[in-house]
Amino acid sequence: MHSPSHPTLADIDSHTLKGWLHDGDEIALLDVREHGQYGESHLFYAAPVPFSRLEADIARLAPRRDVRLVVYDAGAEDDVALRAASALRALGYTRVYRLAGGIAQWQRDGYATFAGVNVPSKTFGELAEEVFHTPRISAAELAERQRRGDNLIVLDGRPYAEYQKMSIPGGICCPNGELALRAHTLARDPSTTIVVNCAGRTRSIIGAQTLINLGVPNPVYALENGTQGWYLADFRLDHGASRRYDEAIAPQDLPALAQRSAGLAERHGVPIVDAAQVRAWLGDTARSTFLCDVRSAEEYAQGSLPGAQHAPGGQLIQATDQYLAVRGARIVVFDGEGVRAPVVASWLRQMGWDACVLKEGLAADLPAPVAPPVEPALRLLDDRALAAAQARGARLIDIRSSMRYRAQHIAGAQWSIRPRFAGLALEPSQPLVLLADERAVAAWAVADLRALGAHDVAVNLGTPASWSAAGIPLVATPDEPADRDCIDYLFFVHDRHDGNKAAARQYLAWETNLVRQIDARERAAYRFPAG
């Protein structure tokens, strides 16, 4: 089926979709159910784009309006895919398709589904360990070496916020995307053993293999099963640790580091493209191009290239589907010094992506991006006006995450989520106030409520701290909403970090089993070096 001249919606069957996923043309496969539902079971290449956030995220994840888009839901009585398709058409997407029968029909037709999140990336990590035979160290051996006072260093390859939740005692936060630039300053002695860890497996493996691929002289190991393996072995984890890499890099070190990264990129066939080529790509209406700034959050906050999204290198590899939803798209990565981006691109190409490095990096001259969809108008209330509205009988609908609602919410506020607004039994004459974290998410939710007949809808973007300061009573409800209603939350992925050993074991078993679930075409899409 080719792009029609006018917006359309057509159902496609499972066999057609399976063919499309491997035909080499661009396709964005969107699971439009909420995060918890997605995490329980989804298609291998599906990007999680929950209906509650669809319009807020789609321009970043699939910017080209005539890209081939396929949406799906659970099937049966679920209508969220139809609603999502209508919303996408309203935004100007012209090739929108729905998987007939949803995930239920996909399974009936004999195709596999996958639990968890970031499945293509995590599968890649497991395959990488098989292909490269990445050295690993058990929690027990690492603990014994630490006890002996061996010459070793533990580098935590996760972002700082994740590191602070739980970490290996003595571990230093150095996210995977920073390793090529910073590991040498953390382990200047070539005899120092470097152990890379994450929460589970993928970033431990990729981080350790990154250093090995770069040719560092140090012995390098991945910590087997990360902080979860450490916890399952009954060793103590740190919480709230603040050790992290030093941001300063000696200028005289950069040429050698850049040369080392360039050699790695060359070995993996990474193209180096100039700004003129990227400008042409960005103007190409037949192909999607994603511009990814792989530097740290602090560097990105100081300024980036027009239209670039912040995609720290380690996370872009670990969770690619959170940054782009278009399979077959181009990915252009860049940094400010020429050390980190080539390494990230070398991994992305092995993952099967058409990835390249922007030669000029942060100094490139690129055009302003296409404007995102215009949000529906909304009326904002500050916390004082919110208190007054509640006193006058306004109904408060809290659309923050279910877990934030459980932890603390305004007394009398009701939790809901956009796909289930139809069950709110609205009184058209009663004023509504939506309590939300993000303006864009709230704006599209307001539009839905108005379509359901609500005439007076306002939004408050406060926090429990600001509500409390305004004298608004707060309550906690640890069991409300009930687990079955928390469709935005995937319990087995999160519970592994909350002292639940069974959840940790289940998670690790899931991760190591991924390579046995994929089919031959999915495995062939990865491009590991020969030999």
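Residues numbered from 1 in each chain as written. Predicted model: local features only at pLDDT ≥ 70, side-chain atom pairs only at ≥ 80, totals over all residues. Heavy atoms only, no water.

Visitor: For this particular structure, what's the right way to read the sheet that holds strand β20 (residues 432-435)?
Guide: Each strand in a sheet pairs with another by means of backbone hydrogen bonds, the pair being arranged parallel or else antiparallel. Read from one edge of the open sheet, four strands run β19-β17-β20-β21, paired in parallel fashion. At either margin of the open sheet sits one strand with a lone partner, and together these are β19 (414-415) and β21 (457-460). For strand β17 (residues 395-398) and β20, the ladder comprises four bridges, and the chain directions are parallel. Counted as the bridge partner of D398 is L435 from β20. Across the sheet, helix α17 (residues 383-391) lies against β17, β20 and β21, angled at about 135 degrees from β20, the strand it touches most. (Pairing = 2+ DSSP bridges. Helix = DSSP H or I, 4+ residues; strand = E, 2+ residues; numbered from the N terminus. Contact = heavy atoms within 4.5 Å. Axes fitted to C-alpha atoms, helices over the stretch in contact; angles between N-to-C directions.)

Visitor: Even after reading the chapter, I still don't get the UniProt feature "domain: Rhodanese" (unreviewed entry) in the chain, so can you show me in this structure?
Guide: Here, UniProt's "domain: Rhodanese" (unreviewed entry) annotation points to residues 23-115, 148-239, 293-371 and 390-476. A helix fraction of 34% and a strand fraction of 17% characterise residues 23-115, whose end C-alpha atoms lie 25 Å from each other. As annotated, residues 148-239 comprises 38% helix and 17% strand, and the C-alpha atoms at either end are separated by 23 Å. (UniProt positions renumbered as here; feature names shortened; annotations may be inferred.)

Visitor: In this structure, what is going on with the confidence of the model for the chain? I would like to understand it.
Guide: Reading fine detail from the predicted coordinates is not recommended where pLDDT is low. The share of residues in the chain with pLDDT of 70 or more is 97%, and the mean pLDDT across the chain is 94. Low pLDDT, under 50, characterises residues 1-7; the predicted model gives this stretch 15 contacts beyond four residues in sequence or across chains. (pLDDT = per-residue confidence, 0-100.)

Visitor: For this particular structure, what's the right way to read the domain arrangement of the chain?
Guide: It is common to give the size of an interface as the accessible area that goes away when the parts come together. By domain assignment, the chain separates into domain 1 (10-116), domain 2 (123-243), domain 3 (269-362) and domain 4 (383-479). Once you take the C-alpha centre of each, domain 1 and domain 2 turn out to be 36 Å apart. (Domains from an automatic or database assignment.)

Visitor: I tried to follow the packing of helix α9 (residues 179-186) against helix α12 (residues 254-267) on my own but got confused; where do I start?
Guide: Relative placement of two packed helices is described by the angle separating their axes and the distance separating the axes. In contact at an axis separation of 10 Å, α9 and α12 are set at 130 degrees when each is read in the N-to-C sense. Judged on the interaxial angle alone, α12 and α9 are oblique. Judged by the sense of rotation from one axis to the other, the crossing of α9 with α12 is right-handed. Residue-level contacts link A180, L181 and H184 of α9 to L254, L257, R260 and S261 of α12. When grouped by side-chain class, the residues that make up the contact of α9 with α12 number four nonpolar, two polar and one charged. (Parallel < 35°, antiparallel > 145°, perpendicular 65-115°, else oblique. Left-handed = near helix turned anticlockwise from the far one by under 90°. Nonpolar A, V, L, I, M, F, W, Y, C, P; charged D, E, K, R; others polar.)

Visitor: Would you explain the pattern of salt bridges in this entry?
Guide: Between side chains of opposite charge, pairing is possible as soon as their charged atoms come close. Under the criterion given, the structure shown has 45 salt bridges. Among the ionic pairs, K18 bridges to D519, the shortest N-O distance being 2.7 Å. Of this pair, K18 sits in helix α1 (residues 14-20) while D519 is found in the loop between α22 (501-517) and α23 (520-524), placing the two residues 501 residues apart along the sequence. When its relative accessible area of 3% is taken as the criterion, K18 is described as buried. Overall, the relative accessible area of 29% leaves D519 in the partly exposed class. The residue K501 makes a salt bridge to D234 at a minimum N-O spacing of 2.3 Å. On the criterion of sequence distance, the pair formed by K501 in helix α22 and D234 in the loop between α11 (226-232) and α12 is long-range, its members being 267 residues apart. On the basis of relative accessibility, which here comes to 24%, the residue K501 falls in the partly exposed class. A residue is classified by how much of its surface remains accessible, and D234, at 58% relative accessible area, is exposed. Taken together, the salt bridges that share partners define one network made up of E26, R64, D66, R287, R349 and D354. (Salt bridge = Lys/Arg side-chain N within 4 Å of Asp/Glu carboxyl O. Buried < 20%, exposed > 50% of the residue type's maximum accessible area, 1.4 Å probe, protein only.)

Visitor: Even after reading the chapter, I still don't get the packing of aromatic side chains, so can you show me in this structure?
Guide: How two aromatic rings sit relative to each other is set out by the distance from centre to centre and by the angle between their planes. Considering all chains together, one arrives at 13 aromatic pairs under this definition. On the numbers, 4.9 Å between centres and 45 degrees between planes, the contact of W230 with F235 is tilted. Assessed through its relative accessible area of 3%, W230 is described here as buried. Aromatic ring contacts, followed pair by pair, group F124, F132, W347, Y526 and F528 into a single cluster. The ring of Y160 carries R244 above its face, with NZ or CZ at 4.0 Å from the centroid. (Phe/Tyr/Trp six-rings, centres within 6.5 Å; stacked < 30°, edge-to-face > 60°. Lys NZ or Arg CZ within 6 Å of the ring centre and 35° of its normal.)

Visitor: Whenever I open this one, α17 confuses me. Can you help?
Guide: Note: α-helices contain 3.6 residues per turn, so residues at a spacing of three or four share the same orientation. Where α17 is concerned, the buried positions are D383, L386 and A389. Buried residues of α17, seen end-on, are gathered within an arc of 115 degrees and therefore sit on one face of the element. In α17, the exposed positions angled more than 90 degrees off the buried face are occupied by R384 and A391. Those residues of α17 that are buried are in contact with β17, β18 (409-410), β20, β21 and α20 (464-469). The opening residue of α17 is D382, an N-cap whose side-chain oxygen sits 3.2 Å from the backbone nitrogen of R384. Positive phi shows up at G393, right after α17, with a value of about 100 degrees. (Arc of directions from axis to C-beta. Polar contact = N/O pair within 3.5 Å; in protein donor to acceptor, adjacent residues only side chain to side chain.)

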